[in-house]
Amino acid sequence: VTGTYTIYRKQGPGCKSSRFPVGRGGAPMPYCMHFKGGYAMHGGHVPGYNASHGCVRLHHEDARWLNQEFVDVGRTRVQIKY
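Since we're looking at a predicted model, the values are computed, not measured.

Cut-offs used in this document
- Residues numbered from 1 in each chain as written.
- Predicted model: local features only at pLDDT ≥ 70, side-chain atom pairs only at ≥ 80, totals over all residues.
- Heavy atoms only, no water.
- Buried < 20%, exposed > 50% of the residue type's maximum accessible area, 1.4 Å probe, protein only.
- Helix = DSSP H or I, 4+ residues; strand = E, 2+ residues; numbered from the N terminus.
- Arc of directions from axis to C-beta.
- Contact = heavy atoms within 4.5 Å.
- Pairing = 2+ DSSP bridges.

## Description of helix α1 (residues 60-70)
Considered for burial, the residues of α1 that qualify are Ala63, Leu66 and Asn67. Angularly, the buried residues of α1 cover 90° about the axis, an arc narrow enough to put them on a single face. Considering only its buried residues, α1 is in contact with β2 (9-10), β3 (33-36), β4 (39-43) and β5 (56-58).

## What about the sheet that holds β2?
Across the sheet, 4 strands lie side by side as β2-β3-β4-β5; this open sheet has mixed pairing. Among the strands making up the open sheet, the edge pair consists of β2 and β5. Across 3 bridges, β3 lies against β4 in antiparallel orientation. Residue pairing in the sheet places lysine 36 in a bridge with tyrosine 39 of β4.

## Concerning the pairing of strand β6 (residues 77-80)
Side chains of β6 alternate between two faces, with Val78 and Ile80 buried and Arg77 and Gln79 left unburied. In this structure, strand β1 (residues 3-6) lies alongside β6, joined through 4 bridges in antiparallel fashion. Across the sheet, residue threonine 6 finds its bridge partner in β6, namely arginine 77.

That is the geometry; function is a separate question.
Structure representation (structure tokens):
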């Protein structure tokens, strides 16, 4: 989803998807920062090509830093471009 959004929820290293894998959930999304519905920025493997169902994958340490040191829930805005 493209657009400008406000981070409305963030979780720590134990964050997991409630949707993926489909039918089970539980995919790791460490240091998730939700910006629209189930879409989030989070740590994970960054393969260098589009491989997500819509989330923004970040290197684990970048996600941790953003989550712990930068993002304020309800105040931090992100602009998602494709």
